[in-house]
Amino acid sequence: MAANANDKSVQFLYGTVFGRGLLHVILALRVPKMLGAVLRSPISRFYIKSFVKKNNIDMTGFEGVKFKSFNDFFTRKKEISFDSEPTHLISPADSLLSVYDVTDDAKFHIKGFDYTLQDFFEPQKFGLSEEEGKNLIESFKGGLCLVFRLCASDYHRYCFVDNGSQNGNHYIEGSLYSVQPLVAEHFRLYTKNRRSWTILDTENFGKIAQIEIGAFSVGGIKNHFDQATFKKGEEKGYFDLHGSTIVLLVQKDCVKISEEIKKITDSGEEFRVKIGQWVATKQQTI
């Protein structure tokens, strides 16, 4: 159930003083953007076969498909199955799941850093009044923070976790740090990285804040809808290139994490989940 080890390049770039200095140069020179351009070009097709083999990716259903580029392969779309029980909250993506408590003063602690809901939303950037921003933050105090960390080998499309509606995406430009565990020990990456958040008014679990967070070489967070109603299991969007993260903020006393997941995440480990998998149960009538 534990996460994969950090790869050697991440250990060097984030785990050493010289590496972190070099990383800042790489980001300043916009290397991730240039790398993304290469991986979207036809020349990148040669990389697909070795990537599939290295990461042991199941290509069932894609036999014989001629992808136009590595990115075309990476963002491939497949049919998914999901737990349709209305009282079951599902995972939005293939990922490694961690669960954290949000305190009554709107904070949660990840890998040595305290985060605040203010950090996540930055409501002042979107024209919210002081009262509107305060009400947004207040609504998630005492709740749960579910962090779904996607690895490079995961399916990079994500779905809605329940029926409901949403009213707009809020995009925040940011850095493109890796999301591997070692990085979280050196950077407040969940609020430094590029991200997009929206509030989901769900049928069974109250308000849920969903935040998609970009990572190194991820060129975009592609959400299909702005203001819309949606169905559980319907595709919400996808990431371009490499590993990324989705955070769900759930209101207080709305869900109970499954015992199997809770046992693992309470010990500080990540739990491997699949898109559409049941992760929590409705706790009370909303």
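Up top you'll find the structure we're talking about.
Everything numeric here is computed off the predicted structure, so don't read it as measured data.

Participant: Would you mind showing me how to read the packing of aromatic side chains here?
Facilitator: Aromatic ring pairs are defined here through the distance separating the ring centres and the angle between the ring planes. Within this structure, the stated rule accounts for 17 aromatic pairs. Arranged with centres 5.7 Å apart and planes meeting at 65°, the rings of Tyr47 and Phe51 form a pair that is edge-to-face. Taken together, the residues Tyr47 and Phe51, both in helix 4 (residues 46–55) and 4 residues apart, mark about one turn of the helix. According to the relative accessible area criterion, Tyr47 is partly exposed, its value standing at 32%. For the ring pair Tyr158 and Phe239, a centre distance of 5.2 Å and an interplane angle of 50° mean the geometry is tilted. Within this pair, whereas Tyr158 is found in strand 6 (residues 157–159), its partner Phe239 is found in strand 13 (residues 235–239), the two being separated by 81 residues in sequence. Classification of Tyr158 by relative accessible area gives buried; the value is 0%. In textbook terms, an aromatic cluster arises when at least three aromatic residues are bridged by ring pairs, as seen for Phe46, Tyr47, Phe51, Phe62, Phe67, Phe70, Phe73 and Phe74. Sitting above the plane of the Phe62 ring, Arg76 keeps its charged end 5.7 Å from the centroid. Over the ring of Tyr238 we find Arg157; its NZ or CZ atom is 4.4 Å from the centre of that ring.

Participant: What is the right way to look at the nonpolar core in this model?
Facilitator: Inside soluble globular proteins, nonpolar side chains tend to come together where they are buried. Counting 33 residues, the largest nonpolar core has Leu89, Leu97, Leu146, Ile246, Val255 and Val279 as its most contacted members. Setting aside anything within four residues of it in sequence, one finds Val255 in contact with Leu89, Leu144, Phe205, Val250, Ala280, Thr281 and Gln283. Listed in part, the 21 residues of the second largest apolar core include Val102, Ala106, Phe140 and Cys145.

Participant: Would you mind showing me how to read the pattern of salt bridges here?
Facilitator: Opposite charge on two side chains makes pairing possible when the charged atoms of those side chains draw close. Under the criterion given, the structure shown has 13 salt bridges. Measuring nitrogen to oxygen at the nearest pair gives 2.9 Å for the salt bridge that ties Arg149 to Glu270. Within this pair, whereas Arg149 is found in strand 5 (residues 144–149), its partner Glu270 is found in the loop between helix 10 (259–266) and strand 16 (271–273), the two being separated by 121 residues in sequence. The residues Arg149 and Glu270 share a single accessibility class, namely buried. For Asp266, the salt bridge goes to Lys262, with nearest N and O atoms at 3.0 Å. Separated by 4 residues within a single helix, Asp266 and Lys262 lie in helix 10, roughly one turn from each other. The exposed category is assigned to Asp266, whose relative accessible area is 54%. By relative accessible area, Lys262 is classed as partly exposed at 38%. What you see here is one network of salt bridges that share partners, running through Lys77, Arg157 and Glu235.

Rules of the game
Residues numbered from 1 in each chain as written. Predicted model: local features only at pLDDT ≥ 70, side-chain atom pairs only at ≥ 80, totals over all residues. Heavy atoms only, no water. Phe/Tyr/Trp six-rings, centres within 6.5 Å; stacked < 30°, edge-to-face > 60°. Helix = DSSP H or I, 4+ residues; strand = E, 2+ residues; numbered from the N terminus. Buried < 20%, exposed > 50% of the residue type's maximum accessible area, 1.4 Å probe, protein only. Lys NZ or Arg CZ within 6 Å of the ring centre and 35° of its normal. Core = buried A, V, L, I, M, F, W, Y, C linked by side-chain atoms within 4.5 Å. Contact = heavy atoms within 4.5 Å. Salt bridge = Lys/Arg side-chain N within 4 Å of Asp/Glu carboxyl O.

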